[in-house]
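# Structural characterization, general
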Amino acid sequence: MLIRTPPDWELPESAATPEQHYHARRDFLKTLGLAGAAFAAHDLLSTDVLAATAGFPTKVNPAYRDPALKPSSYEAITNYNNFYEFGTSKEDPVVLANRGWKTEPWTVELAGLCRAPQKLDVSDLVAKMDGIEQRVYRFRCVEAWSMIIPWDGFPLAKLIALADPLPDAKFLKMTTFLDPKVSPGQRQGNLDYPYVEGLRLDEANHELSFIATGIYGKPIPNQNGAPLRLVVPWKYGFKYVKSIVKFEFTAKQPLNTWQAMQSREYGFYANVNPTVDHPRWSQASERVIGGGGLGSRQRTLMFNGYEKQVAGLYKGLDLRKNY
Ligand SMILES: Nc1nc2c(c(=O)[nH]1)N[C@H]1C(S)=C(S)[C@@H](COP(=O)(O)O)O[C@H]1N2
Ligand SMILES: [Mo]
């Protein structure tokens, strides 16, 4: 499939590492689980063409590579995760999501109010997206921590165009897999499953909205939401629904999982906003994961730094009420 690592890739700066021998996604993931991704990803970043270092078929999109953003280490991004299907601690998913959970083959369904509803394998879907690109985005979790992540994938707008929504479609609802056999969190019921998220259709079609199939030029690890997950950089991390099996066009606003869980604390919009605090903590600043010894803090930016691009989506909307 297209999101496989081709056999002839090499890492210029670490030609001696065993990673150059990993030809298949499966092997890559197995090793990731065992070795805990011990290589220093920041070394890969010294080259200008970030993705080319790993040979993943992706091109850096220079429009989304602000040189002021220094990506977090691959190790931090892939070992400090929220994925409640595989446990509630940050360290659980890297172990539990790599114990027999298969993320290929993987069927994706396009459904609801659209002219071209269909079911297709994720590799066929990716093949229709004419190429994978890399974008470096800020990432801000509602728990007041942040990272910078080089995502590989395609604009969500391309997937929406493939489904061809009808005029009545106003929202896009996205659903994670449901399989309690492989998901300890689903067996325990630590949330209402399957995990659901949603966007207004104009938000979903915004140029920043992205579907990630990779990180740092490598296929996206299970713990980060293989084989495809949402990326909406101006919103809190819980909107970034992982391991999606269904994209559904709806007329009514979907009820997202965290809103269903605790609507006073988590809303539908979840736009990063330093002036609207979480009922139990301030959102004015954030801890930078991997930002040195105890982790440095920085001010949180309106819309996570994407205000120029997205503020227009929310003209006339009370962002205090619509958190
Ligand atoms: N299916 C599913 N998607 C999910 C979550 C989850 O528990 N289940 N957690 C969310 C939260 S709270 C965050 S912060 C991000 C974390 O993404 P990361 O682990 O790749 O950093 O995934 C989001 N997507
Ligand atoms: Mo989060």
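Scope of this entry: the structure provided in the associated data block. (Residues numbered from 1 in each chain as written. Chains lettered and ligands numbered in written order. Predicted model: local features only at pLDDT ≥ 70, side-chain atom pairs only at ≥ 80, totals over all residues. Heavy atoms only, no water.)

## A word on the overall build of the protein chain
On a plain count of helices and strands, the protein chain comes out with 10 helices and 13 strands. A separation of at least 24 residues holds for 71% of the contacts in the protein chain among residues at least 6 apart in sequence. Roughly 13800 Å² of accessible area belongs to the protein chain as shown, and the carbon and sulfur atoms make up 53% of that amount. (Helix = DSSP H or I, 4+ residues; strand = E, 2+ residues; numbered from the N terminus. Contact = heavy atoms within 4.5 Å. Areas by Shrake-Rupley, 256 points an atom, 1.4 Å probe, with all protein chains shown as cover.)

## Here's the deal with the side chain of asparagine 61
Of note, asparagine 61 is situated in the loop between strand E1 (58–60) and helix H3 (74–79). Overall, asparagine 61 belongs to the buried group, its relative accessible area being 18%. The residues contacting asparagine 61, other than those within four sequence positions of it, are Glu133, Gln134 and Arg135. (Buried < 20%, exposed > 50% of the residue type's maximum accessible area, 1.4 Å probe, protein only.)

## Overview of the site of ligand 1
Around ligand 1, 16 residues are found, and the nearest of them are Asn81, Tyr84, Glu85, Arg229 and Lys242. In this structure, asparagine 82 approaches ligand 1 through a main-chain N or O atom, which is 3.2 Å from a nitrogen atom. Residue glutamate 85 places a side-chain N or O atom 2.8 Å away from a nitrogen atom belonging to ligand 1. Residues that form the shell around ligand 1 fall into these classes: 8 nonpolar, 5 polar and 3 charged. (Near = heavy atom within 4 Å. Polar contact = N/O pair within 3.5 Å; in protein donor to acceptor, adjacent residues only side chain to side chain. Nonpolar A, V, L, I, M, F, W, Y, C, P; charged D, E, K, R; others polar.)

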